[in-house]
Every structure is written in C-alpha cells, then in structure tokens.
Amino acid sequence: MTGPRVLIAYATKYGTTKEIAEEIQDVLAENGIESDLTNVMETGIIDSYDAVILGSPVYMGKMLVEAREFCQHYRPYLKNIWLAIFVDGISCCNPGETNTSPLIAAIRDMHEYVRPVMEMGFSGAFSPVNLSEADAQIADMVHPPVGDFRDHEAIRIWAREIVSAISKHREIY
Ligand SMILES: Cc1cc2nc3c(=O)[nH]c(=O)nc-3n(C[C@H](O)[C@H](O)[C@H](O)COP(=O)(O)O)c2cc1C
C-alpha cells in the first residue's frame, strides 16, 4: 500500500509563508507522509494528488492573488481532493490582539470556489526592510507591528492534525 500523494502549495511575497509550508512538510515527513512543496505559480497538473495543503499570506485583507487564482483555476480538481488552507498575517499580532477571525475571513472569501476540510490562521512576520515600494508606502500608513510572530508550536500542532485527518481519510489511499 502506498501513502497518500500530498501537495503543499504556497504563495509568498517575502518568504514567511514558504517557511511555514516547509515546517508543515517536515511534520508530515516525521509522521511518514511525503509531500511535494511548490510555489503556486509553479504548480502543474494537480489531479494526481490525493490531498492539497494551500498556504497564503494575507495582504489588505485578502489571500495573495496567485493563491486566489490557484483556487479558481484548479476548482474542478480541488472539489474532489482533500483540501486544507492556511493563511498568515499580522492582524492578530498587535499587543492584546489574538483574534485570527480576519485572517480566516480571507479563506472564507474563497468558499465560492473551494471548501477546505481544514482552515487555519497563523500569526506571520513583518519587517520594514526590503519591502517593495508599494508595500513600504502602505506600511508607512498603517504602522504594522514589526517582528516575527510565528508560533512554531501552533504550526506543528496543526500539521499533526493534518496527518491525523489525512490518515483517517481512507478513500485517498
Ligand atoms: C502592504 C502590506 C499589507 C498587509 N496586509 C495585511 C492584512 O491585511 N492582514 C494581515 O493580517 N497582515 C497583513 N500584512 C502582513 C503580512 O500578511 C505578513 O507579513 C505575512 O506573514 C507575510 O508573508 P510572506 O512573507 O509570505 O509574504 C501586510 C503586510 C504588508 C507589507
């Protein structure tokens, strides 16, 4: 019996989300589930996969455009594949602010196209260094909290929940 074929597809501007995706891949591997990791812009045919984990940062309240296009473009396949989506951002990282609902709302915007079995919002990271000009202008206006707010234990816990969910999803074997 072979294991499930799992794709982890991420969108990213500055690498934070890619690193979260890599952490999830590591936990899957530690639990015997191998996966392919790719940027959504380099994704080819996905109908050979049993499960897809999609990750995107949230910018201006939305998932990155290439992640949204991934959902739209692959909608016919994603309807039939076990799907989990995570997003990351810093709206939950101001002092005293832990509410991830605005992050999850960015996933819900995609429900017209896809209905993930699992959804998660993680705290992300923000640095004013090396921003694109457009992002720097926005950051100047909103003064986002600066730092790496990622909760690696939370990421690993969610990844283990994925392992458990995929393992229970017997049809994909
Ligand atoms: C211009 C700009 C807009 C952002 N908008 C949001 C937002 O609406 N909500 C949020 O939670 N985080 C927002 N962020 C923070 C990013 O989502 C966060 O830094 C994320 O972890 C970056 O991931 P990446 O490095 O993979 O692109 C914004 C950051 C920038 C620079």
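For the chain, an unreviewed UniProt entry supplies the name Flavodoxin domain-containing protein and the organism Methanogenium marinum.

Q: Sorry, what's going on with the nonpolar core here?
A: The nonpolar side chains of a soluble globular protein tend to be buried, and buried together. In terms of nonpolar packing, the biggest core is built from 32 residues, with Val 52, Leu 54, Met 63, Phe 70, Leu 78 and Ile 85 touching the most fellow members. For this core, the element with the most residues is helix α4 (residues 101–108), which contributes four residues. Excluding its chain neighbours within four sequence positions, the residues that come into contact with Leu 54 are Ala 9, Val 40, Met 63, Ala 67, Phe 70, Cys 71, Ala 84, Ile 85 and Phe 86. With 22 residues, the next largest nonpolar core counts Ala 21, Ile 53, Trp 82 and Ile 162 among its residues.

Q: Would you explain the layout of surface pockets in this entry?
A: Rolling a probe over the atoms, with the probe sized like a water molecule, indicates the empty space that remains. Each pocket or cavity is described by its volume, and for the largest pocket that value is around 880 Å³. What lines the largest pocket is a set of 38 residues, among which Val 58, Tyr 59, Ile 90, Phe 126 and Pro 144 lie closest to the centre. Among the elements that make up the lining of the largest pocket, the one with the highest residue count is helix α5 (residues 133–142) (four residues). Its residues assigned to classes, the lining of the largest pocket shows 20 nonpolar, 11 polar and seven charged.

Q: Please explain the site of the ligand as it appears in this structure.
A: Residues in contact with the ligand amount to 21 residues; listed here are only the nearest, Thr 12, Thr 17, Val 58, Asp 88 and Ala 125. At 2.9 Å, a backbone N or O of Lys 13 approaches an oxygen atom of the ligand. Gly 15 is positioned with one of its backbone polar atoms (N or O) 3.3 Å from an oxygen atom of the ligand. Contact with the protein chains hides 92% of the accessible area of the ligand, taken as 640 Å² for the molecule alone. Under a 2 Å grid-point criterion requiring more than half of the atoms, the pocket assigned to the ligand is the largest pocket. Partitioning the shell around the ligand into residue classes produces 10 nonpolar, eight polar and three charged.

Q: Can you help me understand the UniProt feature "domain: Flavodoxin-like" (unreviewed entry) in the chain in this one?
A: As annotated in UniProt, the feature "domain: Flavodoxin-like" (unreviewed entry) corresponds to residues 6–163 in the numbering used here. Helix makes up 37% of residues 6–163 and strand 25%, whereas the separation of the span's terminal C-alpha atoms amounts to 11 Å.

Q: Is there a simple way to think about the packing of aromatic side chains in this case?
A: How two aromatic rings sit relative to each other is set out by the distance from centre to centre and by the angle between their planes. With the rule as written, the count across this model stands at five aromatic pairs. Ring plane angle 70° and centroid distance 6.0 Å describe the contact between Phe 86 and Trp 158, whose orientation is recorded as edge-to-face. Linking Phe 86 in strand β5 (residues 82–89) with Trp 158 in helix α6 (residues 152–168), this pair joins segments that are 72 residues apart in sequence. The exposure class of Phe 86 is buried, given its relative accessible area of 0%. Take Trp 158: its relative accessible area is 3%, and that puts it in the buried class. Pairwise contacts between aromatic rings join Phe 70, Tyr 74 and Tyr 77 into one cluster. Directly above the ring of Tyr 59 sits Lys 13, whose terminal nitrogen or CZ lies 4.5 Å from the centroid.

Criteria and cut-off values
- Residues numbered from 1 in each chain as written.
- Predicted model: local features only at pLDDT ≥ 70, side-chain atom pairs only at ≥ 80, totals over all residues.
- Heavy atoms only, no water.
- Core = buried A, V, L, I, M, F, W, Y, C linked by side-chain atoms within 4.5 Å.
- Buried < 20%, exposed > 50% of the residue type's maximum accessible area, 1.4 Å probe, protein only.
- Helix = DSSP H or I, 4+ residues; strand = E, 2+ residues; numbered from the N terminus.
- Contact = heavy atoms within 4.5 Å.
- 1 Å grid on protein atoms, 1.4 Å probe; cavity = no way out; pocket = protein on both sides within 12 Å on 5 of 7 lines; lining within 4 Å.
- Points joined across faces, edges and corners; volume = space filled by probe spheres on them.
- Nonpolar A, V, L, I, M, F, W, Y, C, P; charged D, E, K, R; others polar.
- Near = heavy atom within 4 Å.
- Polar contact = N/O pair within 3.5 Å; in protein donor to acceptor, adjacent residues only side chain to side chain.
- Areas by Shrake-Rupley, 256 points an atom, 1.4 Å probe, with all protein chains shown as cover.
- Sits in = over half its atoms within 2 Å of the grid points.
- UniProt positions renumbered as here; feature names shortened; annotations may be inferred.
- Phe/Tyr/Trp six-rings, centres within 6.5 Å; stacked < 30°, edge-to-face > 60°.
- Lys NZ or Arg CZ within 6 Å of the ring centre and 35° of its normal.

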